[in-house]
Amino acid sequence: MHEAAALPVSRRAEAEGAVRPLEGLGLRVERAGRVLLDIPELRMSGSEITALMGFNGSGKSLLLRVLAGLVQPDAGTVLWAGRPPGRERARRLGFVFQKPVLLRRSAAANIRYALKVAGFPRAEIAGRTEAALASAGLQGLAGSPARVLSGGEQQRLAVARALALEPEVLFLDEPTASLDPGSTLAIEALVAGARGRGTKIVLVTHDAGQARRLAQEILFLQQGRLVERASAGQFFTGPQSEAARAFLEGRIHI
Amino acid sequence: MQDFGSAVWQALGLVASFDRDLLEIVLLSLRVSLTAVLAAGLVGLPLGAVLAVLRFPGSGLLVVLLNAMMGLPPVVVGLVLYLLLSHAGVLGPLNLLYTPTAMIVAQAVLVTPIIAALARQTVADIRGEYREQLQVLGVSRRTEVATLLWDARYSLLTAMVAGFGRAIAEVGAVIIVGGNINHVTRVMTTTIALETSKGNLALALGLGMILLSLTILVNAAVQGLRATAARTAYA
C-alpha cells in the first residue's frame, strides 16, 4: 500500500495489479525469414474489453500468446506490471483457447485442479468450484467427464475454470469460433460478467458482431503490424485504415 | 520322444489337474515378473515423464540410449548381473545369485527401458496438448510431470503390459542368474527350455499354453480397461 500511495494518482489503480498493465516493447517474431509480428510499442491498462481483429495470418493470436507469455518473442520484451512474465504471476491471468484444453477428469475436477495449482485455500476450493460451475450453467454436469461434454459446454467450462481464479487479465483466442449462436452468447455473457468484476479482457475474434457486442476498444492488425487502435464506436463507424475498411466490408484484402 | 498329439493331450491333462509342480512354477513366474514390472514402473514411468518434460544438455542423447536399450539382449543383462552377483563380484556379499530376487532384478533391468521409453512417448504426446494450458495455470515442473502421468494413466498401462510381456516371456537372463533350480528358481520359460531339451514335451507344452493364455488374459484385461476409459474420454 505504501508503494502505491507514492505513485501518481493515474498509476495507482494499475500498480495494484501483479500483471497489469500489460506492455509490449519492440515485439518482433520471425519464422523462416518472414516477419509474423512487429509491434514497436503497445500498452494496455484499464479494465475495458479489447478485441484484436484482423485477417487470417495478421498475427492476432500470436500477439495474444506473446502477451500471455506463452510465446517468447525473437526480439523485444513483454512486461506485466512493469516486470517480465514469471510462472507465479502467470496465475494472475487466464487464457482460453479456441479449442478448449480440458484435463482427463470430471468437469468439477478441472476447476478444482486450477484452483489448487493457483494456491487457493483448501477450504475454499469446493465452494469456488461449485460457484464456477453454476456461473457457466454446468452445475448438473459437475461429475461428468469433461471431455465428453458438448463443444459449447467444454468452452463454457474452460471459461469458468479461467474465471474461477479471478484473473486480472483474461485472454481469449477466438473462443466462440466453432460454437453455435446459443453457446456463443453464453460465453459472451460470462466474459461480460468478468469485466463487470474488474477483469481486463483481451479477445481475438473474427466476428465483428461479437466485437461490437463486447468490446470497448479495437486493435486492428495487418501482417503483424498494429495498423489501427480505436474505440469500438469509432472503429465500426469510421475505420481509418484501408485494411480495416476492407475487413469490415467483407472484402478480400491483399 | 513323444508324438505331438499325445503330448498335447498330456499337457492338457496337467493343466486341467492343477499339477502341484506346474502350479508352483506358474506362481513363481508371476511373482518374479509382476514384481519386476512393478519395480520397473516405479522407476521407468517417472523417468519417461521427466524426459518428456525437461530439456537439458544430453537429454536428446539419453532418449536415444533409452530407446536403444529397449532391445537389450537378455543374455547380456544376465551375464553382467551374474558377474556382479557372483562371489567375486561387487554385489557378491548379498548372496543373491540363484535366487528369485536376482531374477527380479534381471527382469527389472530389461523392462525399465521399455517402460521408460514408451512412457516418454505417451507423456510427450499428451504434453503437446496440455503444455500451453498448464503454462497458463502457472504449473511447476514437478506438478506438470505428476499431472501428465496421471492423465496418461490408461495409456501408460499399455507400457506396463508391454513390460510384463517382455518379462514373463524372457528366458536368457533368468536362466543365467536364477540357474533354473527345481522348486527354487524354476519359472515357466526356463522349464520349457529344459523339458524340451529332455524330450518331456507334455510339461513344456502345458507351460507354453499357460504362458500364452496369461499373456492374452493380461492384454485383454488392459484393453477392456482402456475401452472403458475411452468411453469417458479419460484415455
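Right above here is the structure, for reference.
Computed from a prediction, not measured in an experiment: that's the story for all the values here.

1. Digging into the overall build of chain B
Inference 1: Within chain B, the regular secondary structure consists of ten helices and zero strands.
Inference 2: In chain B, the succession of α and β elements from N to C terminus is α-α-α-α-α-α-α-α-α-α.
Inference 3: Considering only C-alpha atoms, chain B reaches an extent of 70 × 50 × 25 Å along its principal axes.
Inference 4: In chain B, 76% of the contacts between residues at least 6 apart in sequence involve partners at least 24 apart.
Inference 5: Element-wise, carbon and sulfur atoms account for 71% of the exposed surface of chain B, whose accessible area totals about 11400 Å².
Inference 6: Computed over 14 positive and 11 negative side-chain charges, the inter-centroid distance for chain B is 9 Å.

2. A short note on the overall build of chain A
Inference 1: Along chain A, the regular secondary structure elements total eleven helices and nine strands.
Inference 2: The principal-axis extent of the C-alpha atoms belonging to chain A is close to 50 × 50 × 40 Å.
Inference 3: When the 254 residues of chain A are sorted by exposure, 52% land in the buried category.
Inference 4: When contacts within chain A are restricted to residue pairs at least 6 apart in sequence, those whose partners lie at least 24 apart make up 67%.
Inference 5: For chain A, the accessible surface area stands at approximately 11300 Å², while carbon and sulfur atoms represent 51% of it.

3. Digging into the interface of chain B and chain A
Inference 1: Listed as interface residues are 22 residues of chain B and, on the opposing side, 24 residues of chain A.
Inference 2: In total, about 2100 Å² of surface goes out of reach between chain B and chain A, with carbon and sulfur atoms giving 54% of it.
Inference 3: Three residues stand out in chain B for area buried against chain A, namely Gln133, Val136 and Leu137 of chain B, and they jointly supply 29% of the buried area on that side.
Inference 4: Where chain B packs against chain A, one counts four salt bridges.
Inference 5: At the boundary of chain B with chain A, the tally comes to twelve residue pairs in polar contact (both at pLDDT 80 or more).
Inference 6: Of all elements in the fold, only helix H5 (100-136) and helix H6 (141-151) of chain B reach the threshold of two or more residues within the side of chain B that touches chain A.
Inference 7: Here the side of chain B that touches chain A is built from residues that sort into ten nonpolar, seven polar and five charged.

4. Here's the deal with the pairing of strand E8 (residues 217-222) of chain A
Residues and elements named next belong to chain A.
Inference 1: Along E8, five of the six residues are buried, which leaves the element largely enclosed by surrounding structure.
Inference 2: Bridge count between strand E3 (residues 49-54) and E8: five bridges; the pairing is parallel. Paired with threonine 50 across the two strands is glutamate 217, which belongs to E8.
Inference 3: Where E8 lies against strand E9 (residues 225-231), six bridges are found, and the strand directions are antiparallel. In the sheet register, leucine 221 faces E9, and the bridge partner there is leucine 226.
Inference 4: The hairpin formed by E8 and E9 contains two residues between the paired strands, and glutamine 223 there has a positive phi angle of roughly 45°.

5. Thoughts on a nonpolar patch on the surface
Inference 1: Judged by side-chain polarity, Val75, Val76, Val80, Leu84, Val90, Leu91 and Leu94 of chain B come together as a nonpolar surface patch covering roughly 590 Å² of accessible area.
Inference 2: By the element assignment, leucine 91 of chain B lies in the loop between helix H4 (74-85) and H5.

6. Things to note about the side chain of threonine 190 of chain B
Inference 1: Looking at the secondary structure, you find threonine 190 of chain B in helix H9 (residues 188-198).
Inference 2: The residues touching threonine 190 of chain B, leaving out its near neighbours within four places in the chain, are Val171, Val174, Ile175, Asn180 and Thr185 of chain B.

7. So, the pattern of salt bridges
All names here are of chain A.
Inference 1: Evaluation of the coordinates by the stated rule reveals 23 salt bridges over all chains.
Inference 2: When the shortest N-O distance is used, the salt bridge between aspartate 38 and arginine 28 registers 3.4 Å. One end of the pair, aspartate 38, is in strand E2 (residues 34-44); the other, arginine 28, is in strand E1 (residues 22-31), with ten residues separating them in the sequence.
Inference 3: Given a relative accessible area of 19%, aspartate 38 falls into the buried group.
Inference 4: For arginine 28, a relative accessible area of 29% translates into the label partly exposed.
Inference 5: Residues participating in the shared-partner salt-bridge network are Arg28, Glu30, Asp38 and Arg225.

8. Here's the deal with the sheet that holds E2 of chain A
Residues and elements named next belong to chain A.
Inference 1: As summarised here, the arrangement of the three strands in space is E2-E1-E4, forming an open sheet in which the pairing is antiparallel. With one partner strand each, in any of the chains shown, E2 and strand E4 (75-80) form the two edges of the open sheet. Direction aside, neighbouring strands of the sheet carry axes that sit 15° apart on average.
Inference 2: Bridge count for E1 against E4 is five bridges, and the pairing is antiparallel. In the sheet register, glycine 24 faces E4, and the bridge partner there is valine 78.

9. Some remarks on the nonpolar core
Inference 1: Grouped together as the largest cluster of nonpolar side chains are 114 residues, with contacts concentrated most on Met53, Leu63, Leu157, Phe171 and Ile218 of chain A together with Met188 of chain B.
Inference 2: At nine residues, the largest contribution of residues to this core is made by helix H2 (residues 20-53) of chain B.
Inference 3: Ignoring any residue separated from it by four or fewer positions in sequence, one finds leucine 63 of chain A in contact with Leu27, Leu37, Ile39, Leu42, Leu52 and Leu221 of chain A.
Inference 4: Core analysis: the second largest hydrophobic core is formed by 17 residues, Val77, Met103, Ile104 and Val174 of chain B among them.

10. Describing helix H10 (residues 201-231) of chain B
All names here are of chain B.
Inference 1: For H10, with 31 residues, the first-to-last C-alpha span of 45 Å sits near the 45 Å given by 1.5 Å per residue.
Inference 2: Those residues of H10 not exposed but buried are Leu201, Ala202, Leu203, Ala204, Gly206, Leu207, Ile210, Leu211, Leu214, Val222 and Ala229.
Inference 3: Its buried side turned inward, H10 meets helix H1 (4-16), H2, helix H7 (153-169) and H9.
Inference 4: Looking one or two residues past H10, alanine 233 carries a phi angle of roughly 60°, positive in sign.

Cut-offs applied
Positions within a chain are numbered from 1, following the residues in the order the chain's sequence is written. Chains carry letters and ligands carry numbers; both start at the beginning, A for chains and 1 for ligands, and go up in the order they are written. Totals for whole chains, interfaces and linings use every residue, but because this is a predicted model, local features are given only for residues with pLDDT of at least 70 and side-chain atom pairs only at 80 or more, for both listing and counting. Only heavy atoms go into the side-chain values, all of them from the structure, while hydrogens and water stay out. Under the DSSP-based scheme used, a helix requires at least four consecutive residues in state H or I and a strand at least two consecutive residues in state E, with every element numbered from the N terminus. It only takes one pair of heavy atoms within 4.5 Å for two residues to be counted as in contact. Per-residue and other accessible areas were derived by the Shrake-Rupley procedure at a 1.4 Å probe size, with only the shown protein chains allowed to occlude residues. Positive charge is attributed to Lys and Arg, negative charge to Asp and Glu, and no charge count is given to His or to the chain ends. Think of each charge as sitting on NZ of Lys, CZ of Arg, CG of Asp or CD of Glu. Using a 1.4 Å probe on the protein chains alone, a residue whose accessible area is under 20% of its type maximum counts as buried, one over 50% counts as exposed, and one in between counts as partly exposed. Buried area is understood as the total, over both parts, of accessible area removed when two parts are fitted together, assessed with a 1.4 Å probe. For salt bridges, the criterion is a side-chain nitrogen of Lys or Arg within 4 Å of an Asp or Glu carboxyl oxygen. Under the rule applied, a polar contact is a pair of N or O atoms within 3.5 Å (in protein, one hydrogen donor and one hydrogen acceptor; residues adjacent in sequence only if both atoms are side-chain atoms). All amino acids are sorted into three groups, where Ala, Val, Leu, Ile, Met, Phe, Trp, Tyr, Cys and Pro are nonpolar, Asp, Glu, Lys and Arg are charged, and the leftover types, Gly among them, are polar. For two strands to count as paired, DSSP must find a minimum of two bridges between them. Only residues whose relative accessible area exceeds 30% and that form no salt bridge are eligible for patches; like-charged ones are grouped when within 9 Å, while nonpolar side chains (Val, Leu, Ile, Met, Phe, Trp, Tyr) are grouped when within 5 Å. To get an axis, fit a line to the C-alpha atoms, keeping to the stretch in contact for a helix; angles then go from 0 to 180 degrees between the N-to-C directions. Remark: nonpolar core denotes a set of buried residues (Ala, Val, Leu, Ile, Met, Phe, Trp, Tyr, Cys) joined through side-chain atoms within 4.5 Å. Expected span, for any helix, means 1.5 Å times one less than how many residues it has.

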